[in-house]
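Structural overview for review
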Amino acid sequence: EVQVVESGGNLVQPGGSLRLSCAASGFTFNIYWMNWVRQAPGKALEWVANINQDGSEKYYVRSVKGRFTISRDNAKNSLFLQMDNLRAEDTAVYYCARGFYGDYDNFFDIWGQGTLVTVSS
Amino acid sequence: DIQMTQSPSSLSASVGDRVTITCRASQSISTYLNWYQQKPGKAPSLLIYAASSLQSGVPSRFSGSGSETDFTLTISSLQPEDFATYYCQQSYSTLSITFGQGTRLEIK
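Residues numbered from 1 in each chain as written. Chains lettered and ligands numbered in written order. Predicted model: local features only at pLDDT ≥ 70, side-chain atom pairs only at ≥ 80, totals over all residues. Heavy atoms only, no water.

Let us look at the overall build of chain B. A tally of helices and strands in chain B yields zero helices and 11 strands. Element order for chain B, N to C, with α for helix and β for strand: β-β-β-β-β-β-β-β-β-β-β. Counting only C-alpha atoms, chain B reaches 35 × 25 × 25 Å along its principal axes. Among the 108 residues that make up chain B, the fraction classed as buried is 48%. (Helix = DSSP H or I, 4+ residues; strand = E, 2+ residues; numbered from the N terminus. Buried < 20%, exposed > 50% of the residue type's maximum accessible area, 1.4 Å probe, protein only.)

Written out as structure tokens, the structure reads:
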């Protein structure tokens, strides 16, 4: 079965750090872009970051630049999101999503169930 | 960044109704427009990609159209399982992907 499974969400204090993981299975992980998308409680989806197949390209939404770092380990079929200097507004469910980036279409076709990050004192 | 504006924000409809949701981009995005469905407490799922291509396994009552800045998602005959929140997403720039604010489709 093609799937991605997130883990690592937790309650953390403002200014703290957290590392999310996403384990991929059922597909050839190293040929896909991968993404993190988050959703604050009762709010819309927000793309957070993506990374290309070999990790040489990484892009971030403006609000997390300099605080979050996306990475991957193709040998372990895993995606990561290191989150530092967390703020209350980072509170959200974080989804891992596989990206299909073709010549004429780009979309997210496989999503995990999400992991909850709560930033609060 | 490219802004995506959906309308309406919420919509009440009945089983069997034809429903249309619109999405407008702040600049031309060709057909790099995708639609997702999200049910409460669940992850989003892909419905339509490249503005009008139906994802495998998605019922044919869902369709998409549009290009450049204006796009629509149409559900031809609403079924009980279609009541959910729908999001458009532009993927024209992989450096900065953005979603619309969502359209909540409720039972009338």
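Read on, since the account is not over.
The number of helices and strands found in chain A is zero helices and 11 strands. Its helices and strands taken in sequence order, chain A reads β-β-β-β-β-β-β-β-β-β-β from the N to the C terminus. Dimensions along the principal axes, computed over C-alpha positions, put chain A at roughly 40 × 25 × 25 Å. Counting over 121 residues, chain A shows a buried share of 50%. For chain A, restricting intrachain contacts to residue pairs at least 6 apart in sequence, the fraction spanning at least 24 positions comes to 53%. Summing over all exposed atoms, chain A offers an accessible surface of approximately 5500 Å²; the carbon and sulfur share of this is 46%. Taken as two groups, the 11 positive and 12 negative side-chain charges of chain A have centres that lie 7 Å from each other. (Contact = heavy atoms within 4.5 Å. Areas by Shrake-Rupley, 256 points an atom, 1.4 Å probe, with all protein chains shown as cover. Lys, Arg positive; Asp, Glu negative; His and termini not counted. Charge placed at Lys NZ, Arg CZ, Asp CG, Glu CD.)

What follows covers the state of the cysteines. Disulfide: a covalent bond formed between the sulfur atoms of two cysteine residues. Residue and element names in this part refer to chain A. Under the counting rule described, the total for this entry stands at two disulfides over all chains. A sulfur-sulfur distance of 2.0 Å marks the disulfide that ties Cys22 to Cys96. Taking the torsion about the S-S bond as the criterion, the Cys22 to Cys96 disulfide, at about -65 degrees, is left-handed. Of this pair, Cys22 sits in strand S3 (residues 18-25) while Cys96 is found in strand S9 (residues 92-101), placing the two residues 74 residues apart along the sequence. The pair formed by Cys22 and Cys96 is uniform in burial state, with each residue classed as buried. (Disulfide = S-S within 2.5 Å.)

With that settled, consider the interface of chain B and chain A. Each partner contributes to the interface: chain B provides 22 residues, whereas chain A provides 23 residues. With both chains or domains summed, chain B and chain A bury close to 1800 Å², and 60% of this area falls on carbon and sulfur atoms. Between the two partners, chain B and chain A, sit one salt bridge. Salt-bridge contacts for Asp1(B) lead to Arg62(A); the nearest nitrogen and oxygen are separated by 3.5 Å. (Buried area = accessible area lost by both parts, 1.4 Å probe. Salt bridge = Lys/Arg side-chain N within 4 Å of Asp/Glu carboxyl O.)

Residues and elements named next belong to chain B. With omega at -5 degrees, the peptide bond leading from Ser7 into Pro8 counts as cis. Position of Pro8 among the secondary structure elements: in the loop between strand S1 (4-7) and strand S2 (10-13). One non-glycine residue, Ala50, lies in positive phi territory at about 50 degrees. Of note in the backbone geometry, Ala51 takes a positive phi value of approximately 70 degrees without being a glycine.

The nonpolar side chains of a soluble globular protein tend to be buried, and buried together. Grouped together as the largest cluster of nonpolar side chains are 46 residues, with contacts concentrated most on Trp36(A), Tyr94(A) and Phe108(A). Broken down by element, the residue count for this core peaks at six residues, all from S9(A). Discounting chain neighbours no more than four positions away, the residues touching Phe108(A) are Asn35(A), Val37(A), Trp47(A), Ala97(A), Arg98(A), Gly99(A), Tyr101(A), Tyr36(B), Leu46(B), Gln89(B), Ile97(B) and Phe99(B). Residues Ile2(B), Phe62(B), Ile75(B) and Leu78(B) belong to the second largest nonpolar core, which totals 24 residues. (Core = buried A, V, L, I, M, F, W, Y, C linked by side-chain atoms within 4.5 Å.)

Turning to the sheet that holds strand S8 (residues 78-83) of chain A, a few remarks are in order. Residue and element names in this part refer to chain A. Reading across from one edge, S1-S3-S8-S7 is the order of the four strands in this open sheet, with antiparallel pairing throughout. Edge strands, defined here as strands with exactly one partner in the open sheet, are strand S1 (3-7) and strand S7 (68-73). Going from strand to strand, the sheet's axes swing by 15 degrees on average, the running direction of each strand aside. Of the strand pairs in this sheet, S7 and S8 are connected by six bridges, and their pairing is antiparallel. (Pairing = 2+ DSSP bridges. Axes fitted to C-alpha atoms, helices over the stretch in contact; angles between N-to-C directions.)

Here Asn34(B) shows up in strand S4 (residues 33-38). A residue is classified by how much of its surface remains accessible, and Asn34(B), at 1% relative accessible area, is buried. At 3.2 Å, the side chain of Asn34(B) forms a polar contact with the backbone nitrogen of Ala50(B). Excluding residues that lie within four positions of it along the chain, Asn34(B) makes contacts with Asn106(A), Phe107(A), Leu46(B), Ile48(B), Tyr49(B), Ala50(B), Tyr87(B), Cys88(B), Gln89(B) and Ser91(B). (Polar contact = N/O pair within 3.5 Å; in protein donor to acceptor, adjacent residues only side chain to side chain.)

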